[in-house]
Amino acid sequence: MSITLPGQEQGRPELQKAIEEIVGAGVLAVQLRVNDEQGEWVGGAGVRELGRSAGSLTDGHFRIGSSTKNFVAASALMLVAEGRIGLDAPAGDYLPGFGLDRRITVRMLLQHTSGIFSHTGELYEDGTVVLGVPWRGKEWVDKRFHTYLPEELVRLSLSKPARFAPGSGWSYSNTNYVLARLVIESVTGRSFAEELRRLILGPLGMTGTVAPGTSPEVPEPHNHGYYRYEDAGQEKTIDVTRHNPSWVAAGGDMISTTRDLHTYFSALMGGRLLPAGLLAEMRTPEATIGYGLGVFAQDLGPDGGTVFHHNGATIGSAALMYSTPDGRTTMTAGLTYVDDADMSIAPAFQTAQQRLVGAVFGGGQADPARSAG
């Protein structure tokens, strides 16, 4: 189903076809919003709940996974603009209790160049896996309402060897963003949720976005996400829409809607949240994988040009958030699915990105496969 909105000149059947193909590849539901020179297109495909016939929502709430990191980075940079955080100051100056390496700066946290072990575990180049907090299988299911304190996650990470010397490499670490959020809370004396409302949600009129902390709730209305796992040799599938997201914390705990993600990312990329110099800093990628400060820069070639994005996936739910450099063309989407420990949905998730990016921006490939959060 799709909604025709004022100013829309055509039905955009290619967009509806793309999201229906994604559902055909194994995703339960897709909500898509596209804003471009043709106006605004909103559509949905799939089902709201497993085993039910009710169709997908088109503007429901969903967990946005690592798209959270872009909100944390933008909030930190807005505090840099206010003179309250030094981008190249040692992060330990704001968080003296952890004994952080003095070479680790706030910039390194936001760019994943700190070398800090990720509390959700690490996959090393030689194939070695070092586990962190549980986020797969029956162990995660049994602890899905458990509360992890951010300080606990940081101390777990710091108990592991660093992946490299600060600033000498790149490695995606959820703990970098746990620390970045703690920096925000340290310098303001307020919770991240409060600062997010002050800096972004309130000024932009975003009413569907939540930094939930330890709350397991997803605001209504929402599609449902699921998890498949083995228990005593039997396969079980459970609804995991409700769970305590403190296991991933600032690495990927937020909830939003396609409308709010469009409002936010269009404003950010259009220069309405950050001074031009800091926006340029955010969008300057390091060489390894094209990651700036909480955002990926991607060259789609002559047909598509440059787009900026930060997608995210968490247990049973994912978000896509893309924009052109001027913020005038955006694509935001929420996906829900049946997840599992093998991340078997990952190929369909990558295919979803490729198809939608091609349909909206005219080319390109997906960014690398998901990390936890």
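Keep in mind it's a predicted model, so treat the numbers as computed, not measured.

**Side note on the overall build of the protein chain**
Piece 1. Scanning the protein chain from terminus to terminus reveals 10 helices and 15 strands.
Piece 2. For the protein chain, whose C-alpha radius of gyration is 20 Å, the value lies close to the compact-globule estimate of 21 Å for 373 residues.
Piece 3. Along the longest, intermediate and shortest principal axes, the C-alpha atoms of the protein chain span 55 × 55 × 40 Å.
Piece 4. Here the analysis covers contacts within the protein chain between residues at least 6 apart in sequence; of these, 70% occur between residues at least 24 apart.
Piece 5. For the protein chain, the accessible surface area stands at approximately 14100 Å², while carbon and sulfur atoms represent 51% of it.
Piece 6. Side-chain charges of the protein chain comprise 31 positive and 40 negative groups, with the mean position of each set lying 4 Å from the other.

**Examining the pairing of strand β7 (residues 226–231)**
Piece 1. Note: β7 against strand β8 (residues 234–239), six bridges, orientation antiparallel. Bridge pairing in β8 places R228 opposite T237.
Piece 2. Remark: two residues form the turn of the hairpin made by β7 and β8, two consecutive strands paired antiparallel; A232 in that turn has positive phi of roughly 55°.

**With respect to the side chain of N176**
Piece 1. Summarising the element assignment, N176 is placed in helix α6 (residues 174–188).
Piece 2. Reaching out from N176, the side chain makes a polar contact with the side chain of H112 at a distance of 3.0 Å.

**Looking at the environment of P302**
Piece 1. Examined against the element boundaries, P302 turns out to sit in the loop between β10 (296–299) and β11 (306–309).
Piece 2. Overall, the relative accessible area of 88% leaves P302 in the exposed class.
Piece 3. On a C-alpha basis, the gap between P302 and R242 in space is 43 Å, while along the polypeptide they are 60 residues apart.

**Digging into the confidence of the model for the protein chain**
Piece 1. Predicted confidence across the protein chain gives a mean pLDDT of 93, with 94% of residues reaching 70 or more.
Piece 2. Low confidence marks residues 1–9, where pLDDT is under 50. Its contacts with residues over four positions away, or in another chain, come to 21 contacts.
Piece 3. Predicted confidence is poor over residues 366–372, with pLDDT under 50, and the contacts of this stretch with residues over four places away or in other chains come to 27 contacts.

**Focus: the UniProt feature "domain: Beta-lactamase-related" (unreviewed entry) in the protein chain**
Piece 1. Residues annotated by UniProt as "domain: Beta-lactamase-related" (unreviewed entry) correspond here to residues 17–331.
Piece 2. Between the C-alpha atoms that bound residues 17–331 the distance is 15 Å, and the span itself is 29% helix and 18% strand.

**Looking at the packing of helix α2 (residues 68–81) against helix α7 (residues 192–204)**
Piece 1. Between α2 and α7, the least distance of the axes is 10 Å, while the angle of their chain directions is 70°. It follows from the interaxial angle that α2 and α7 lie roughly perpendicular. Where α2 abuts α7, its residues F71, V72, A74, S75, M78 and L79 lie against F192, E195, L196, R198, L199 and I200.
Piece 2. Taken together, the residues that form the contact of α2 with α7 break down as nine nonpolar, one polar and two charged.

Parameters at a glance
Residues numbered from 1 in each chain as written. Predicted model: local features only at pLDDT ≥ 70, side-chain atom pairs only at ≥ 80, totals over all residues. Heavy atoms only, no water. Helix = DSSP H or I, 4+ residues; strand = E, 2+ residues; numbered from the N terminus. Rg over C-alpha atoms; globule rule 2.2 N^0.38 Å. Contact = heavy atoms within 4.5 Å. Areas by Shrake-Rupley, 256 points an atom, 1.4 Å probe, with all protein chains shown as cover. Lys, Arg positive; Asp, Glu negative; His and termini not counted. Charge placed at Lys NZ, Arg CZ, Asp CG, Glu CD. Pairing = 2+ DSSP bridges. Polar contact = N/O pair within 3.5 Å; in protein donor to acceptor, adjacent residues only side chain to side chain. Buried < 20%, exposed > 50% of the residue type's maximum accessible area, 1.4 Å probe, protein only. pLDDT = per-residue confidence, 0-100. UniProt positions renumbered as here; feature names shortened; annotations may be inferred. Axes fitted to C-alpha atoms, helices over the stretch in contact; angles between N-to-C directions. Parallel < 35°, antiparallel > 145°, perpendicular 65-115°, else oblique. Nonpolar A, V, L, I, M, F, W, Y, C, P; charged D, E, K, R; others polar.

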